[in-house]
Amino acid sequence: NAGVTQTPKFRILKIGQSMTLQCTQDMNHNYMYWYRQDPGMGLKLIYYSVGAGITDKGEVPNGYNVSRSTTEDFPLRLELAAPSQTSVYFCASSYSGTGVGDTQYFGPGTRLTVL
Amino acid sequence: AQSVTQLGSHVSVSEGALVLLRCNYSSSVPPYLFWYVQYPNQGLQLLLKYTTGATLVKGINGFEAEFKKSETSFHLTKPSAHMSDAAEYFCAVILKGQFSGGYNKLIFGAGTRLAVHP
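Residues numbered from 1 in each chain as written. Chains lettered and ligands numbered in written order. Predicted model: local features only at pLDDT ≥ 70, side-chain atom pairs only at ≥ 80, totals over all residues. Heavy atoms only, no water.

### So, the overall build of chain B
Helix and strand counts for chain B stand at 0 helices and 11 strands. Along chain B, from the amino end to the carboxyl end, the secondary structure elements read β-β-β-β-β-β-β-β-β-β-β. By the compact-globule yardstick of 13 Å for 118 residues, chain B fits well, its C-alpha radius of gyration being 14 Å. Carbon and sulfur atoms make up 53% of the accessible area of chain B, which totals about 5500 Å². (Helix = DSSP H or I, 4+ residues; strand = E, 2+ residues; numbered from the N terminus. Rg over C-alpha atoms; globule rule 2.2 N^0.38 Å. Areas by Shrake-Rupley, 256 points an atom, 1.4 Å probe, with all protein chains shown as cover.)

### A closer look at the state of the cysteines
A full pass over the atoms with the stated rule returns 2 disulfides over all chains. Shown here is the disulfide that connects C23 of chain A with C91 of chain A, its sulfur atoms set 1.8 Å apart. A torsion of -70° about the S-S bond marks the disulfide between C23 of chain A and C91 of chain A as left-handed. With C23 of chain A in strand β3 (residues 19-25) and C91 of chain A in strand β9 (residues 87-94), this residue pair connects regions lying 68 residues apart in the sequence. For the pair C23 of chain A and C91 of chain A, one class covers both residues: buried. Residue C23 of chain B pairs covalently with C91 of chain B via a disulfide, S to S 1.9 Å. Linking C23 of chain B and C91 of chain B, the disulfide has an S-S dihedral of approximately -65° and is accordingly described as left-handed. A residue pair is termed long-range when its members are at least 10 positions apart, and C23 of chain B in strand β3 (residues 19-26) and C91 of chain B in strand β9 (residues 87-99) qualify at 68 residues. (Disulfide = S-S within 2.5 Å. Buried < 20%, exposed > 50% of the residue type's maximum accessible area, 1.4 Å probe, protein only.)

### Remarks on the pairing of strand β2 (residues 10-14) of chain B
Residue and element names in this part refer to chain B. Because side chains alternate across β2, one face comprises the buried residues V11 and V13, and the other comprises H10, S12 and S14, none of which is buried. In the sheet, β2 pairs with strand β11 (residues 112-117) via 5 bridges, with the strands oriented parallel. Across the sheet, S12 pairs through a bridge with A115, a residue of β11. (Pairing = 2+ DSSP bridges.)

### Re the sheet that holds strand β1 (residues 4-7) of chain A
All names here are of chain A. The antiparallel open sheet is built from 4 strands, whose spatial order is β1-β3-β8-β7. Both edges of this open sheet fall to β1 and β7 (64-66), since each of them pairs with a single strand only. Within this sheet the neighbouring strands show an average axis-to-axis angle of 20°, counted without direction. Alignment of β1 against β3, held across 4 bridges, turns out to be antiparallel. Following the sheet pairing, V4 is matched in β3 by Q25. (Axes fitted to C-alpha atoms, helices over the stretch in contact; angles between N-to-C directions.)

### Side note on the sheet that holds strand β1 (residues 3-7) of chain B
Residue and element names in this part refer to chain B. Here 5 strands make up an open sheet; going across it, the order is β1-β3-β8-β7-β6 and the pairing antiparallel. Looking at the sheet topology across the chains shown, the edges are occupied by β1 and β6 (56-58). Taken over all neighbouring pairs, the strand axes of this sheet differ in orientation by 20° on average, direction set aside. Relative to strand β8 (residues 73-78), strand β7 (residues 64-68) runs antiparallel, the two being bridged by 5 bridges. Directly across from K68, in β8, lies its bridge partner S73.

### What about the pattern of salt bridges?
All names here are of chain B. This structure, assessed with the given rule, holds 5 salt bridges over all chains. Measuring nitrogen to oxygen at the nearest pair gives 2.9 Å for the salt bridge that ties E88 to R113. Note that E88 is positioned in strand β9 and R113 in strand β11, a separation of 25 residues in sequence. By relative accessible area, which is 12% here, E88 ends up buried. Using a relative accessible area of 42% as the deciding quantity, one classes R113 as partly exposed. (Salt bridge = Lys/Arg side-chain N within 4 Å of Asp/Glu carboxyl O.)

### Digging into unusual backbone geometry
The amide bond that connects T7 of chain A to the next residue, P8 of chain A, takes the cis arrangement and shows omega of -5°. Structurally, the position occupied by P8 of chain A is in the loop between β1 and β2 (10-13). If you check the backbone angles, N28 of chain A has positive phi at about 60° while not being a glycine. Following the sequence through the fold, N28 of chain A ends up in the loop between β3 and β4 (31-37). A relative accessible area of 54% places N28 of chain A in the exposed class. The phi dihedral of T72 of chain B is positive, around 45°, even though this residue is not glycine. Looking at the secondary structure, you find T72 of chain B in the loop between β7 and β8. For T72 of chain B, a relative accessible area of 26% corresponds to the partly exposed category.

These figures come from the coordinates and say nothing about function on their own.
What follows is the structure, given as structure tokens:
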């Protein structure tokens, strides 16, 4: 199993540009998540999904959109990129979201810079 | 508000020395507890977790952590540091039985960067 894969690894955007961060998991997990990691701040949840066709906002959803058309894929869309969106983005997945201490598995991350 | 506090954003130890990374949580109900490790330019990897049962939990790479309810702590230790342990370590909690929008919300601490020097 490849686990959770993310593309691209790095990207530089200009202010106002748009892009999609790709995330795929091959573990047949129902739950998927997008986090951003800012220095000294830990990880903050952007959006999550409990299954194909079902998504919901996390703590910091503004400026982002998601979709979940299949179990495997959970792309994150940035519209009108802003410098405040410079961060490292992590995708994660888990078998269930409500199990006893359910473990989330993380992808390698996408480092995004907005100039 | 529920939170996770990691004391010390940077910790430096000598190779072979004890590693102690501190984590405290604030919750009236003991949560599920996790330690993740992030090696340079990589994603987060689960080191260990505590859900129920024995309060001393052993993880990968020789790490262990002890859940102390009276101290609301879950400190991570390793008896002898190795150069390959240099990484960032995150403590995280899931609040039992409290679902946020249908899933167990994972709350992360700010992280502790561990440096190991010869």
